[in-house]
Amino acid sequence: MDSFNKIHLLSLELIPIINDLDEEPRQVILEHITYCEDCRKLYDNTENFNNTLPKHDYSENVELKPLKKLVQFNNGLKLLMITVRAITLFYIVYSSFKYNGAESVPSLLEYIKSGIFLFYIPAAIFLLVFTFTFFNKKWFWISLVTDLVIIIFLEKVLQLFL
């Protein structure tokens with residue numbers, strides 16, 4: 001088989017996808033089309049077919065629904081982060097009351113302050129890193145402000161009682 005026939009066979013295969021080819025193979029096929037009548041007809045039919053296809057921009061007409069499972073998972077993670085904060089605070093207060101009882105309010109408040117320092121601040125730092133990594137900036141700032149308010153508010157309230 002000579003080179004013309006090889007190029008002819010390859011051209012017959014590649015003409016339908018000529019617009020997807022790299023520049024060099026595309027130029028070889030276009031050069032072959034100038035010499036071969038069969039390939040020229042196939043190329044013209046392909047181009048006519050491509051030109052008759054309606055060209056619509058469907059992106060404006062199609063409304064994409066968010067992935068329901070992904071949204072539910074995302075909401076579940078947010079709920080989990082809120083729950084971890086609440087459980088941590090509950091544990092601090094509960095263990096302070098259980099360990100100290102209601103005998104002395106100043107020592108109870110000191111236990112709560114130390115519990116916040118030992119438990120809540122590390123949990124808040126972990127949750128902030130998690131939020132920064134997996135959620136948008138809005139949720140990061142909401143979490144940061146919430147943690148600061150909880151820490152500062154509890155600190156101020158506890159100082160009032162001491």
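Each chain carries its own residue numbering, running from 1 in the direction its sequence is written. Selection of residues for local features in this predicted model requires a pLDDT of at least 70, selection of side-chain atom pairs for listing and counting requires 80 or more, and totals for whole chains, interfaces and linings are taken over all residues. Note that water and hydrogens are dropped before the side-chain values are worked out from all heavy atoms of the structure.

Focus on the overall build of the protein
Filter applied, for reference: Secondary structure elements are defined from DSSP: runs of H or I of at least 4 residues count as helices, runs of E of at least 2 residues count as strands, and each element is numbered from the N terminus. Burial classification: accessible surface area is computed with a 1.4 Å probe over protein chains only, and a residue below 20% of its type maximum counts as buried, one above 50% as exposed, and the rest as partly exposed. By definition, residues are in contact when any of their heavy atoms lie within 4.5 Å. Computed with a 1.4 Å probe, the accessible areas rest on the Shrake-Rupley method; for each residue, only the protein chains presented here act as cover.
When its secondary structure is counted, the protein shows 6 helices and 0 strands. The order of helices and strands in the protein, counted from the N terminus, is α-α-α-α-α-α. Within the protein, the proportion of its 162 residues that are buried is 22%. For the protein, contacts bridging at least 24 residues in sequence account for 61% of all contacts bridging at least 6. Total accessible area on the protein stands at roughly 12,400 Å², and carbon and sulfur atoms take up 66% of it.

Some words on helix H2 (residues 23-35)
Applied cut-off: Working rule for helices: expected span equals 1.5 Å times residues minus one. Within this analysis, the arc is defined by the directions that extend from the helix axis to the C-beta atoms.
Across its 13 residues, H2 extends 19 Å between first and last C-alpha, which sits within 8% of the 18 Å expected from 1.5 Å per residue. Along H2, the positions that sit buried rather than exposed are Ile29, His32 and Ile33. On an axial view of H2, the arc spanned by its buried residues comes to 105°, and they lie on one face. The outward face of H2, more than 90 degrees from its buried face, is lined by the exposed residues Glu24, Glu31, Thr34 and Tyr35.

Thoughts on the packing of helix H1 (residues 3-14) against H2
We count it as follows: The axes used here are C-alpha line fits, helices contributing only the stretch in contact, and every angle between their N-to-C directions lies in the interval 0 to 180 degrees. Here roughly perpendicular refers to angles of 65 to 115 degrees, roughly parallel to angles under 35, roughly antiparallel to angles over 145, and oblique to all remaining angles.
Two elements in contact, H1 and H2, have axes whose closest approach is 10 Å; the angle formed by their N-to-C orientations is 110°. It follows that H1 is roughly perpendicular to H2 by the angle criterion. Two secondary-structure elements touch here, H1 through Phe4, Ile7, His8, Ser11 and Leu14 and H2 through Val28, Ile29, His32 and Tyr35.

Structural notes on the pattern of salt bridges
In plain terms, the rule: Any Lys or Arg side-chain nitrogen located within 4 Å of an Asp or Glu carboxyl oxygen qualifies as a salt bridge.
Here the structure, examined in full by the defined rule, presents 2 salt bridges. One salt bridge connects arginine 40 with glutamate 37, and the closest N-O pair in it is separated by 2.6 Å. Placement of the pair is arginine 40 and glutamate 37 together in helix H3 (residues 37-52), with a separation of 3 residues, close to one helical turn. Among the residues examined, glutamate 37 registers a relative accessible area of 43% and is labelled partly exposed.

Things to note about the nonpolar core
Threshold: By convention a nonpolar core is built from buried Ala, Val, Leu, Ile, Met, Phe, Trp, Tyr and Cys residues, the set being connected through side-chain atoms within 4.5 Å.
Counting residues in hydrophobic clusters, the biggest one holds 9 residues: Ile92, Leu108, Leu109, Ile112, Ile116, Tyr120, Ala124, Ile150 and Leu158. Elements that contribute at least two residues to this core include exactly helix H5 (105-134) and helix H6 (137-161). The dominant element in this core, judged by the number of residues it contributes, is H5, at 6 residues. Those residues in contact with isoleucine 150 that sit more than four places away from it in its chain are Leu89 and Tyr120.

Focus: the packing of aromatic side chains
Here is the rule we go by: In this scheme Phe, Tyr and Trp rings, the latter by its six-membered ring, pair at centre separations within 6.5 Å, and the angle between planes marks the pair as stacked below 30 degrees, edge-to-face above 60, and tilted otherwise.
All told, the structure shown has 7 aromatic pairs when counted by the stated rule. With centroids separated by 5.5 Å and ring planes inclined at 90°, the aromatic side chains of tyrosine 91 and phenylalanine 119 adopt a geometry described as edge-to-face. Linking tyrosine 91 in helix H4 (residues 68-100) with phenylalanine 119 in helix H5, this pair joins segments that are 28 residues apart in sequence. Its relative accessible area of 43% is what places tyrosine 91 among the partly exposed residues. You can call phenylalanine 119 partly exposed: its relative accessible area is 40%. When the centroid spacing of 5.4 Å and the interplanar angle of 70° are considered together, the rings of phenylalanine 132 and phenylalanine 140 count as edge-to-face. What makes phenylalanine 140 buried here is its relative accessible area of 17%. Linked through ring pairs, Phe126, Phe130, Phe134 and Phe135 together constitute an aromatic cluster.

All we've got here are geometric facts, nothing functional implied.
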